[in-house]
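Each chain, letter by letter, is given below.
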Amino acid sequence: MPHVDLAAGPTSHYNSNGDRLKRKQTLLNLLDALQELTRDNEELGSAARNEQRNLEDDRDVPTVDEHIQRVGAETFDQFQRRMTKLDTELRNFANAARRLGSSVGILSSSVRLRQRLAQLLWLFRENAADLFPRKVRRQPREMLVDPGMHQGGRKNRRYRAPSHVVSPTVVAKLDPEVFPEQLQALAREVITFLDCLNEFPEFNDEAVNASVLSLESDLKYWASCLKAYEGQFRYPAVQRYLHDLTSEMGEHLDSITSALSIFIEIGVPTIRFAQEHASQNLLNLSTVATFFSAVTASTMQFSYTMTEGPLENAVNAFWFTSLVFSIQAAVNSLLGLTWKKAMYRSPGHRTPWWVLIWIKRSPLVFLVASVACFSIGLVLFAYSSGQDPITQTLTSVFSAFSCFGLAAVSAWFVSERWIFIRHRGQKWLADVLSETKVQICAVPGIKWLIYEPRALTAEIGQWIQRHFRIASDSISRLVSRMTHKVNRISVMSSSSEKVSEDGLEDQTIPTCMSPGPSSPIRVRSSDVGAGPLLPISEIRPPTVGTYTDNLEASTTLSEASSAPGTPTLTGKMRFVNAVHSVMMMRQMASPFGLKLPPRSPRRQRTSSSDGTRTSDQLVEPLGVLRASRVAALVPKLKALEPTQDLAAHQALVRHLQFSPNGKFLATSSWDRTSVIFRVGDSFTSHRVLAQPQGFVGQVAWSPNGFTLLTKLNRGVKVWTEDGVCRKTIDRHKTVHSIAWLPSDEAFLSVEGSTVVKLDLNGQILDTYSFDRMLLHDVAVTQDCRRMLCVGTLLTSRDGLRPSKSRAEKQIIAYNLNRKHIENRVPVLHDVRDITLARDDQVALVSYENKAPPQLWKLDMVKDSTRLSLRHTYMPKVPVDFAGPSYFGGRSDQLVLCAGKGKIIHTVRSTCPLNAAAGGDIHIWDRESAALLHHIRAQASGGDLTCIAWNPTTEPFMFATGSHDGGVRIWTAQTDLRDRPVLFDAVEPSSRATTRSEHVPSWTESPSLYGFEQQTQSPFEEILPDFGDVGIDGGEMGLLVFNAFLSFLPSL
């Protein structure tokens, strides 16, 4: 635990005995409160001792509370888990890539990348241990420096593993000052890893490329920005910025980890399959070459003794050459196969072109040449050996045909390669051939030779097809007539034979339901009934029948047809029966059809298990703040309530400010007006200042309170307190903010990267330039020697911009006399405003969105200013801050800021009412950063946009502006009949008739500032859910619904 010198402060009130007793009592109360929150007595005592550290000490670390320590440690733990996960994926990737050819490069780069990540993790751990010593432990350096050195043994000293299997270790002497170099080295390692990954042409993953390139760009940007803080990496402000970078870097690490995981699952098997396929092709080529060399050697046994004539010598020459080529093809194939599977082989773009051609192309070329030489020698051997002329001819023809095909295919392969290289893959060989064909056919003579014979041939073919079709049609008609007559005679003869044998008459059955003649269907009488034989006239039904008769007949036929031995009915009859059966089934089944009612989904609600905390549990315990100063402030703050509502504007209130003498309140709005109110028991509108040039973004009273400045988009107006416009100063650049100088005779205009000093007539007195900065606000000390600025860094020293992370912001201490920057502090969150206290000892910096305000101390070191963080003012609940934060109270002892979006519950004499709130108001003690008062909402109006404190009024008074154009005055009153009671929610859609003690639950997540994150909407927990069946909103919903039912009779 660092030693704390309690007597180091320069102020004299710390030396009095009375104050020492008060501080002792405060310490004892703090220990009592901490004993209720933790069981660890050691950490409790450490935290209690650190809380009493002097405000003037340089180191801010021990003064942060336990909550900040815990959240900072959780942020580092999350970053460490991300680093460990990426290291695991790199190790898995290395294990999977060992089976790939030419994998030594990617293995070595992955090991170097893991080493660099281990070194950076150690540096970030040391940085976090300096910031949060009670939660983050330092890691012994012996655990990182070459674990094999501590195992001992002679065998371990002799063995040295290859570079691609060494575990990542920290072997260099690391110091926080090497952060830029380490980030730059990590950028080189990740881009080297990507290059080695892209050396596998078989697979290319765009996700890995995008994530690695984004990380490489941001790493270079961070390294370039950090070079400006050389020698300051042990300052708490720079250490906090480095700690904030872990969250930005963690997002990159997550994206690379997920991309690597997908690459391992998909890319590595794809590369392995492609390499195995290429190796199999070489193996097959080697097999064919070996077989062909054996064939050539066997054939040479018949010719090697024939050396009488030139023909015999030519045969031997071609066959010997073929044998050489085949052997060379087999050997080169095996050489290429070994090279393909080699782990240490160089990638393709790092291998000489002649080596690639010899390994990849020569086996196939040698095999083709061997086949060609063997074929030529075979033809010559047929003639030299005196074979039969037929044998000689056939051998010559087929050899020539095979050689021509081999040459044509080889020419096609070579042409494809040439076309690909020439057109860079934009055209295929077939496209080039088509274009060439069109160009050749465009020649007049060649066009006639190609198209005229083709047209004549087409006409002759059409004439032959037409006459052949006519002849075939005539023959088919003649054949059909003869076939019809033969079939008719055969049917009549067969019918007469059946009648004579069975003695039965045919029965005519109608096959349609409509009256009129119908085509008869002949069936045997035994199929109709089992009774005695009847005459034909009695069996035959009438030729005209009704619908019922036809239906009965069809039913009888369907039953009869199902009996065994019944002949199969025709297709038409079966179709009619099937249709009838389906219709009957539908008529019988329709009364019993089931119709299920449509099922409407019902929403179910889940809530947190700890959502039953009362509002008393959210109140800041004030037992630790029993000092006389704070004890006197709290009752005054609790007595503040809205006393006046001023309908100031028709649009959003952008800014408001009390005059230094407390007599006037100036407001600005987007309705292009500014209003000056006279302060009193009842605020009255003093003057309305019209601004036809545009929106009014800021108002600024002069230190003497007699002059008012209003900031426009591209200009500034100078007004008297009586509303008389003295001067309109037009600026040709966008004016971001304005600030008075203490002399009341000039002011500063912030315009992009330049701060312009202007007098009240618009004359430029001086200009201060800030390279590569976009300034947002400035503040000047009372002696006019220094200026504090906040802004965004546009580009780094090397002209780099971030690709995915947030740009760096800076708080700058600038010497106005020497015109140079004395100190700059990096921050990661979007700065908005800076305000100096009256004593010029501290500055209050406001940020955008959820980032809480911070108090920065101005220390004089060797006639220059150095900024150090004193406090971060934490809100009680998550809130979006509205507008800048300001000092308040006597001697700027308070810090106040407004928030957005809550619900107010106003207790009146008749019934409670819910109304839309303007937001929260937080008031902290400046020295201790304790939340003294939390005004949970306002009685009416929209979200808060700004807040201002009256510096001279007693009792306390402040004003707030809202989105609807209203201005509300807060002060203390004795009549507390309508005092508001607040709870957190959003604007409800209905009124509640009872007050709920239910407070929505919050879950904690490691954010930068550690305030709790709301996981469920309080509006859903408080109000009932009128669904399909009833109420599904918990106990509160039932109470509200029952109260509503009981309230109906009175309505």
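Note that the structure is predicted; figures quoted are calculated from it, not measured. (Residues numbered from 1 in each chain as written. Predicted model: local features only at pLDDT ≥ 70, side-chain atom pairs only at ≥ 80, totals over all residues. Heavy atoms only, no water.)

Brief notes about the overall build of the chain
For step 1, the next point in the chain: Counting its secondary structure elements, the chain contains 19 helices and 31 strands.
For step 2, the next point in the chain: Expressed as a percentage of the 1051 residues in the chain, the buried residues total 42%.
For step 3, the next point in the chain: Residue pairs in contact within the chain that sit at least 24 positions apart in sequence constitute 60% of those at least 6 positions apart.
For step 4, the next point in the chain: For the chain, the accessible surface area stands at approximately 57100 Å², while carbon and sulfur atoms represent 57% of it. (Helix = DSSP H or I, 4+ residues; strand = E, 2+ residues; numbered from the N terminus. Buried < 20%, exposed > 50% of the residue type's maximum accessible area, 1.4 Å probe, protein only. Contact = heavy atoms within 4.5 Å. Areas by Shrake-Rupley, 256 points an atom, 1.4 Å probe, with all protein chains shown as cover.)

So, the pattern of salt bridges
For step 1, the next point in the chain: Throughout the structure, instances matching the rule amount to 26 salt bridges.
For step 2, the next point in the chain: The salt bridge partner of R806 is E248, with a shortest N-O separation of 2.8 Å. Placement of the pair is R806 in the loop between β15 (786-793) and β16 (809-815) and E248 in helix α8 (residues 236-299), with a sequence separation of 558 residues.
For step 3, the next point in the chain: Given a relative accessible area of 31%, R806 falls into the partly exposed group. (Salt bridge = Lys/Arg side-chain N within 4 Å of Asp/Glu carboxyl O.)

What about the nonpolar core?
Side chains of a nonpolar character, in soluble globular proteins, are inclined to be buried together.
For step 1, the next point in the chain: With 84 residues, the main nonpolar core has F93, I106, L219, M249, F770 and M787 as its most contacted residues.
For step 2, the next point in the chain: For this core, the two domains that each supply at least three residues are domain 1 (83-140 + 169-275) and domain 3 (633-902 + 916-972).
For step 3, the next point in the chain: Once residues within four sequence positions are removed from consideration, F770 is found in contact with S753, V755, L775, M787, C789, I812, Y814 and I821.
For step 4, the next point in the chain: With 20 residues, the next largest nonpolar core counts V634, Y886, A898 and I921 among its residues. (Core = buried A, V, L, I, M, F, W, Y, C linked by side-chain atoms within 4.5 Å. Domains from an automatic or database assignment.)

Some remarks on the UniProt feature "repeat: WD" (unreviewed entry) in the chain
For step 1, the next point in the chain: According to UniProt, the feature "repeat: WD" (unreviewed entry) maps to residues 646-679 and 937-974 in the numbering used here.
For step 2, the next point in the chain: In the segment residues 646-679, helix accounts for 0% and strand for 59%; the C-alpha atoms at its two ends are 12 Å apart. (UniProt positions renumbered as here; feature names shortened; annotations may be inferred.)

Things to note about the pairing of strand β9 (residues 725-730)
For step 1, the next point in the chain: Of the pairings in the sheet, the one linking strand β8 (residues 715-720) to β9 comprises five bridges and is antiparallel in character. The residue bridging G715 from the neighbouring strand is D730, located in β9.
For step 2, the next point in the chain: Counted along the chain from β8 to the antiparallel partner β9, the turn is four residues long, and its residue G723 has a positive phi close to 85 degrees. (Pairing = 2+ DSSP bridges.)

Considerations on the packing of helix α6 (residues 179-198) against helix α7 (residues 206-226)
For step 1, the next point in the chain: The contact between α6 and α7 brings their axes to 8 Å, and the two run at 160 degrees. Between α6 and α7, the crossing angle belongs to the class labelled roughly antiparallel. You can see that α6 and α7 cross each other, and the crossing is left-handed. Across the interface between the two elements, P180, L183, Q184, L186, A187, V190, I191, L194, L197 and N198 from α6 touch V208, N209, V212, L213, L215, E216, L219, K220, W222, A223 and L226 from α7.
For step 2, the next point in the chain: Looking at the contact of α6 with α7, its residues break down into 16 nonpolar, three polar and two charged. (Axes fitted to C-alpha atoms, helices over the stretch in contact; angles between N-to-C directions. Parallel < 35°, antiparallel > 145°, perpendicular 65-115°, else oblique. Left-handed = near helix turned anticlockwise from the far one by under 90°. Nonpolar A, V, L, I, M, F, W, Y, C, P; charged D, E, K, R; others polar.)

Some words on the packing of aromatic side chains
For step 1, the next point in the chain: One pass over the structure, following the stated rule, counts 20 aromatic pairs.
For step 2, the next point in the chain: Look at Y768 and Y814: their rings are 5.9 Å apart centre to centre, the planes differ by 75 degrees, and that puts the pair in the edge-to-face class. On the criterion of sequence distance, the pair formed by Y768 in strand β13 (residues 764-769) and Y814 in strand β16 is long-range, its members being 46 residues apart. Residue Y768 shares its accessibility class with Y814, and that shared class is buried.
For step 3, the next point in the chain: Three or more aromatic residues joined by ring pairs make a cluster, and in this case those are F79, F124, F179 and F233.
For step 4, the next point in the chain: Over the ring of Y235 we find R866; its NZ or CZ atom is 4.6 Å from the centre of that ring. (Phe/Tyr/Trp six-rings, centres within 6.5 Å; stacked < 30°, edge-to-face > 60°. Lys NZ or Arg CZ within 6 Å of the ring centre and 35° of its normal.)

Structural notes on the sheet that holds strand β20 (residues 854-860)
For step 1, the next point in the chain: A sheet is described by the order of its strands in space; here four strands give the open sequence β18-β19-β20-β21, paired in antiparallel fashion. A single partner strand is all that each edge strand has here, and the edge strands are β18 (831-836) and β21 (865-872). If you compare each strand with its neighbour and ignore which way they point, the axes differ by 30 degrees on average.
For step 2, the next point in the chain: In terms of strand pairing, strand β19 (residues 842-847) meets β20 through four bridges, oriented antiparallel. Residue pairing for β20: A843 is matched across the bridge by W856.

A few points about the environment of H829
For step 1, the next point in the chain: Tracing the sequence through the fold places H829 in the loop between β17 (820-827) and β18.
For step 2, the next point in the chain: Exposure remark for H829: the relative accessible area of 15% places this residue in the buried category.

Overview of the sheet that holds strand β26 (residues 921-925)
For step 1, the next point in the chain: With antiparallel pairing, four strands are arranged side by side in an open sheet as β22-β23-β26-β27. Of all the strands in the sheet, the pair left with one neighbour each is β22 (881-888) and β27 (931-935). This sheet shows a mean twist of 15 degrees between the axes of neighbouring strands, independent of strand direction.
For step 2, the next point in the chain: Pairing of strand β23 (residues 894-899) with β26, which is carried by five bridges, proceeds in the antiparallel orientation. Looking across to β26, one finds that C897 is bridged to H922.

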